[in-house]
Structure formats: structure tokens, C-alpha cells
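Fold and contact review
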Amino acid sequence: MSLSFRRASLASLGLAFGLSALSLSPLMAQETKPAQPGAAAPVDPNAVVATINGEKLTEADLALAEGELSQQFAQLPPEQRRAAALSAAIEIRVMAKKAVDSGLDKDADFLRRMAFLQQRALHGEVVEKEVVGKVTDADVRARYDQEIANTPPVNEIHARHILVKTKEEAEAIIKQLDGGADFQKLANEHTSDPSGKSNGGDLGWFGPGQMVPEFDKAAFALDVGKYSKEPVQSQFGWHVIKVEDKRAKQPPAFDDVKDQAKQAVIRDKYFAMVKELRGAAKIEIPDAKLKSAVDTLESGK
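As the structure is a computational prediction, the values presented were derived from the model and not from experiment. (Residues numbered from 1 in each chain as written. Predicted model: local features only at pLDDT ≥ 70, side-chain atom pairs only at ≥ 80, totals over all residues. Heavy atoms only, no water.)

Looking at the overall build of the protein
What counts is decided by this rule: Runs of E in the DSSP output that reach at least two residues are strands. Runs of H or I that reach at least four are helices, and both are numbered from the N terminus. Three labels apply to residues, based on accessible area from a 1.4 Å probe with only protein chains included: buried if under 20% of the type maximum, exposed if over 50%, partly exposed otherwise in between. Here, two residues are considered to be in contact whenever any of their heavy atoms come within 4.5 Å of each other. Under the convention used here, a 1.4 Å probe and the Shrake-Rupley method define accessible areas, while residue burial counts only the protein chains that appear.
A count of helices and strands for the protein gives 12 helices and 6 strands. Buried residues in the protein amount to 29% of all 301 residues. Across the protein, the fraction of contacts at a sequence separation of at least 24, relative to all contacts at a separation of at least 6, is 66%. About 19600 Å² of surface is accessible on the protein, with carbon and sulfur atoms providing 56% of the total.

Focus on the nonpolar core
Within soluble globular proteins, side chains that are nonpolar tend to cluster in buried spots. We apply this condition: Joining through side-chain atoms within 4.5 Å is the link that ties buried Ala, Val, Leu, Ile, Met, Phe, Trp, Tyr and Cys residues into a set, and such a set is a nonpolar core.
By size, the foremost hydrophobic cluster in this structure holds 13 residues, and its most contacted members are Val135, Val140, Ile266 and Tyr270. Of all the secondary-structure elements, those providing two or more residues to this core are helix H6 (108-131), helix H7 (137-150) and helix H11 (254-280).

Here we look at the packing of aromatic side chains
For clarity, the threshold we go by: Paired rings are identified among Phe, Tyr and Trp, the last through its six-membered ring, by centres lying within 6.5 Å, and are further divided according to the angle between planes into stacked (under 30 degrees), edge-to-face (over 60) and tilted (the rest). Remark: a charge is flagged as sitting over a ring if the NZ atom of Lys or the CZ atom of Arg is within 6 Å of the ring centre and within 35 degrees of the ring normal.
Across all of its chains, the model carries 4 aromatic pairs by this definition. Ring geometry for tyrosine 144 against phenylalanine 254: centres 5.2 Å apart, planes inclined by 75°, an arrangement best described as edge-to-face. Separated by 110 residues along the polypeptide, tyrosine 144 in helix H7 and phenylalanine 254 in helix H11 bring together distant segments of the chain. Residue class for tyrosine 144 comes out buried when judged on its relative accessible area of 8%. Here the basic side chain of arginine 141 rests over the ring of phenylalanine 254, its NZ or CZ set 4.6 Å away from the ring centre. Positioned above the aromatic ring of tryptophan 205, the side-chain terminus of arginine 247 is 3.8 Å from the ring centre.

Notes on the side chain of glutamate 156
Test applied: Pairs of N or O atoms within 3.5 Å make up the polar contacts considered here, provided that, within protein, one atom can donate a hydrogen while the other can accept it, and that residues adjacent in sequence are counted only when both atoms are side-chain atoms.
Topologically, glutamate 156 is positioned in strand S3 (residues 155-164). Note on glutamate 156: relative accessible area 8%, which makes it buried. Side chain to side chain, glutamate 156 and arginine 247 meet in a polar contact 2.6 Å long.

Re a nonpolar patch on the surface
As a reminder, the rule being used: Each patch is built from residues that are more than 30% exposed by relative accessible area and take part in no salt bridge. Like charges join if they lie within 9 Å; nonpolar side chains (Val, Leu, Ile, Met, Phe, Trp, Tyr) join within 5 Å. For this document, the term salt bridge refers to a Lys or Arg side-chain nitrogen within 4 Å of an Asp or Glu carboxyl oxygen.
Together, Ile90, Val94 and Met95 line one region of the surface with nonpolar side chains, adding up to about 250 Å² of accessible area. Among the residues examined, valine 94 registers a relative accessible area of 38% and is labelled partly exposed.

What to know about the pairing of strand S6 (residues 237-248)
Rule in force here: By the convention used here, strands pair only if DSSP detects at least 2 bridges between them.
Pairing geometry for S3 and S6, over 10 bridges, is antiparallel. Along S6, the bridge assignment pairs histidine 158 with aspartate 245. Judged from the 3 bridges that link them, strand S5 (residues 232-234) and S6 form a sheet pairing that is antiparallel. From the neighbouring strand, serine 234 faces S6, where its bridge partner is glycine 237. Counted between consecutive antiparallel strands, the loop separating S5 from S6 contains 2 residues.

Focus on the environment of lysine 129
In this fold, lysine 129 is placed in helix H6. In terms of polar contacts, lysine 129 uses its side chain to reach the side chain of glutamate 125, at 2.7 Å.

Overview of the pattern of salt bridges
Overall, the coordinates contain 17 salt bridges when judged by the stated rule. The closest approach of N and O atoms between glutamate 59 and arginine 82, which form a salt bridge, is 2.8 Å. Residue glutamate 59 is located in helix H3 (residues 59-68), and its partner arginine 82 is located in helix H5 (residues 78-101); the two are separated by 23 residues in the primary sequence. Owing to a relative accessible area of 40%, arginine 82 belongs among the partly exposed residues under this scheme. A salt bridge links arginine 247 to glutamate 156; the nearest nitrogen and oxygen atoms lie 2.6 Å apart. Here glutamate 156 lies in strand S3 and arginine 247 lies in strand S6, a separation of 91 residues in the sequence. A network of salt bridges, in which partner residues are shared, links Arg143, Glu147 and Asp268.

Considering the confidence of the model for the protein
Basically, it comes down to this: Scored between 0 and 100, pLDDT is the confidence that the predictor attaches to each residue.
In the predicted model, the protein carries a mean pLDDT of 87, and 86% of its residues have values of at least 70. Note that residues 1-37 has pLDDT below 50 and, in this model, 66 contacts with residues that lie over four places away or in other chains.

Thoughts on helix H9 (residues 183-190)
Each α-helix winds once per 3.6 residues, and so residues spaced three or four apart point in a common direction. Note the cut-off: Directions drawn from the helix axis to the C-beta atoms are what define this arc.
Restricting attention to buried positions, one finds in H9 the residues Phe183, Leu186 and Ala187. Around the axis of H9, the buried residues are gathered within 105° of arc, so they sit on the same side. Buried residues along H9 sit in contact with S3, helix H8 (167-178) and S6. Regarding H9, its N-cap is aspartate 182, as a side-chain oxygen of that residue lies 3.3 Å from the backbone nitrogen of glutamine 184 further along.

Description of the sheet that holds S6
Using the following cut-off: Note on geometry: axes are C-alpha line fits, over the in-contact stretch for helices, and angles between N-to-C directions span 0 to 180 degrees.
With antiparallel pairing, 4 strands are arranged side by side in an open sheet as S4-S3-S6-S5. Looking at which strands have only one partner, the edges of the open sheet turn out to be strand S4 (202-206) and S5. Each strand of the sheet is rotated relative to its neighbour by a mean of 40°, with strand direction disregarded. Sitting on the sheet, H8 is in contact with S3 and S6, with an inclination near 50° to S6. Contacts from H9 reach S3 and S6, with the element oriented near 50° to S3.

Below, the structure written as C-alpha cells:
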């Protein structure tokens, strides 16, 4: 019984959510990368690592630069990333000063871009503080239980097979089985499936859709202990199949999917907040064609 966690695609979160990269990285990084034994002691975020024209650049500033520029530094050895981040932060500071000295901070396009970046950052703060930060363990467990309850039961089977090249070979094997021959012994002797030559053609447990369609249909139609009375053809050749056992597939353990469940809770809370805020806002889109496109996009979320 697999958990789908509906609406799990990040693409469904819309452009704004994607742009902010969920704004979860600080919190999620803390949760997924706990401190390891022997790790370095925490640094003082206010400790000064450099001064540029008399202005302090702190550990907190450096950590922000490392985080924002992490993709650029990904190929560097770990011991070089801190130095690269500091060099980049210094470069940004001196270039920013030149921009201010040149009056570029007053440019209309720049001011629009700065306003958008501020709004984007504030969006991220709301997501982190009001959505992610308020997800409880009880919320996550409840979502897991809900998915388990809503997922239809699925059966899986334990089967063996003997794979041969021709229908005639498969028919000859079935004839031997009809005469009382041992399936596992015949599999070891005749199967062309390399993985089955030493284990009696054992395929282990599998659920619907995990095998090619022809094999899947024939295998699930067999009762426990029975073998196929007619050869089954697939793209790989001709199969003789035996079903050893059947059982209800067990759902994944909570600990194995709790991160998925948490992301599903976060998405639901995010969409609920967006729906409430957009419903309360006065939004006008004069271009009818553009408005229709936006409405279509929103209805699909």
C-alpha cells in the first residue's frame, strides 16, 4: 500500500512558491542534518571575519553568502568554500559601494527589482514562520494516518518463473510439471534468466504493475501453489509461472515516509493560507486573456 501524498509535485505550488524555493532551507537543513558527534562548536554569528572600508562583515553575513551562493561553490573542495564565500562577499560589498557612489541605487528599474526581492524574501519569511514553523508532529502523523486510510488495499504475490526462448520449450516444461517434476529444479536447469538459475527462478514479492503486462496478468490470475498451464509470452521470451504465496501489501512504516508526509502538510497549509489571503485581497487584471490564463492556472492547483 504505497502512499501517494496527493498534490506532492512542487510544480503545483505555483511560480511564487517555486521562486522562494519553499523558503524552507534554514529550518529543513537543521532537521535533516543534525549535529554529528565531534562536529565543530557553533560560531558566534556576530564575530567579524573581515572589514571592508570600515564596515564589518560577520560570520552571519558569511553564512548567508555561503547559502545564497552554494551552487556556485558546489564543485569546490569543502575547505575552499569558506574562502570562496568570503571572497565573493567582499567582491559584492565593494561593487555595491561603487553602484551607490554612481547613483545606481536610485535607478527606477533597480528600485523595482529591489521591491520585488524584498517581497519575495517576506513571502519566504511567512512560509517559514507561519507555515513550516507551525507544523506539529501530530499534524504529520494525522496526514500519514489519513493516507493509509484512503489508500485501497493492494495484494502482492511471491512467484517463480522459468524463462525460455520458444513456446515449444515452455510447453515441454509444463508437461514435465504435469508429470510431477520439481519447479525449482527445472528452473535451475532451463531458465535463461541469469538471476533465476541458482534460486529456482525466484522473483520474490511484487505488486501489480511491477512486471511486464502479460506476465503481470497471468501471475495474478494464478492461485497459490499453481503454475501456468499455458506458456506466457512477453518481450523477454516465454514464461512458465508459479505462484508461491499471496498477501496484502503492508503500508510503509511512518518513519520511512514521515518527511513526505510533512511536505504534504506544508503544501496543504501553504495553499490554505494563499487561498485565504487572495480571497481577502482586491485583485484586478484588466487584460481579459491574461486574467483567463491566470484563473485557469489557479483552478488547477
